[in-house]
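# Fold and geometry: a report
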Amino acid sequence: MNMSIRPTLAAIAALFVFLVALPAASADTACHLRIVWTELPPYQTVGADGKPSGIDIELVTEASRRMPCAIDWEFAPRPRALLLVQEGKADAVVGVGRTVEREAFGIFSQPIREGRNVLIVRKGYAAKFPYQNLTALAASPFRLGVVSGSRYSQEFEDLTRSGALADNIIPVQNGESAMAMLMRDRIDGFIDGYRIALNRAAQLGLADDIDVHPMFVNEHKAFALFSQAANIDPAIITRFNAVIMGMEADGTITRIISNYGS
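Our subject in this report is the structure included herewith. (Residues numbered from 1 in each chain as written. Predicted model: local features only at pLDDT ≥ 70, side-chain atom pairs only at ≥ 80, totals over all residues. Heavy atoms only, no water.)

With that settled, the discussion passes to the overall build of the chain. Check the secondary structure of the chain and you find 10 helices and 12 strands. Of the contacts formed within the chain by residues at least 6 apart in sequence, a portion of 77% connects residues at least 24 apart. When the accessible area of the chain is evaluated, it comes to approximately 12,500 Å², of which 54% is carbon and sulfur surface. (Helix = DSSP H or I, 4+ residues; strand = E, 2+ residues; numbered from the N terminus. Contact = heavy atoms within 4.5 Å. Areas by Shrake-Rupley, 256 points an atom, 1.4 Å probe, with all protein chains shown as cover.)

So this is what it looks like as structure tokens:
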């Protein structure tokens, strides 16, 4: 088992901002957007050329090309990214889930992709925890690693709000620290995005040391969230949505996602 936990790209990227301008939009569109991204491979990461890359980046880049619209990509950790959008200091953040709290300060696009959250446990331990859902898990002594502020599913929110998960939750700083704590038997499992968890395990050399628990957590859609405070021309958001729907219809979204594996 390889237990070396290398510094993440996010830690490096947090020291500076990436600004990657796409070709200028035509004069009649007057479209220019500042979009925030976060280190969440394979959806959002730093490419070999030092520029933002990943599924979400490719999807929005293609949408901006079709609109057309110039994009400035700016890096920020997710809490900071949402704050920038809330304050109107960025026009949008990409790859976020829909919540009532975010609807108060943002305008959600059409879904740009689908995803699912799963429970990650140590290799061979899934049978030890025969839970069908989070409600059953909450009634057990299972130690669940949870990143502060995360919203994994409606069931998770309901159980958290009622206090049913209070004895189960163990705070973790991020997904990488959750993986490290799992390997050290400090937690029994943690919830994460399916692709994100498998990608992280592979990067850490732990792909053979984890299992995806068969328990259903949730399936969800990811969106671009546009800032209300930034006073974006509604026609730009309408055009973005139309392009995303066209990319879904012509198979572009499926093709881009498939380039990153099953």
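Still to come is the rest of the account.
Let us look at the side chain of Asn241. One can find Asn241 in helix α9 (residues 234-249). In contact with Asn241, not counting residues within four places along its chain, are Ser109 and Gln110.

A separate point is the nonpolar core. Formed by 33 residues in total, the largest nonpolar core has its most connected members in Leu33, Ile35, Trp73, Phe226 and Phe240. Ranked by the residues each element gives to this core, the list is headed by α9, at six residues. Discounting residues that sit within four places of it in the chain, Phe226 has contacts with Leu33, Val85, Asp91, Ala92, Phe105, Gly106, Ile107, Ser109, Ile232, Ile237 and Phe240. In this structure, Phe129, Leu134, Phe142 and Val146 belong to the second largest nonpolar core, which totals 18 residues. (Core = buried A, V, L, I, M, F, W, Y, C linked by side-chain atoms within 4.5 Å. Buried < 20%, exposed > 50% of the residue type's maximum accessible area, 1.4 Å probe, protein only.)

By the definition in use, this model includes 15 salt bridges. For the salt bridge of Arg34 with Asp91, the shortest nitrogen-to-oxygen distance reads 3.1 Å. With Arg34 in strand β1 (residues 32-37) and Asp91 in the loop between α3 (78-87) and β5 (92-96), the pair connects residues that are 57 residues apart, well separated along the chain. Note on Arg34: relative accessible area 31%, which makes it partly exposed. Among the ionic pairs, Arg98 bridges to Glu103, the shortest N-O distance being 2.9 Å. In this structure, a network of salt bridges that share partners links the residues Glu62, Arg65, Arg66 and Asp250. (Salt bridge = Lys/Arg side-chain N within 4 Å of Asp/Glu carboxyl O.)

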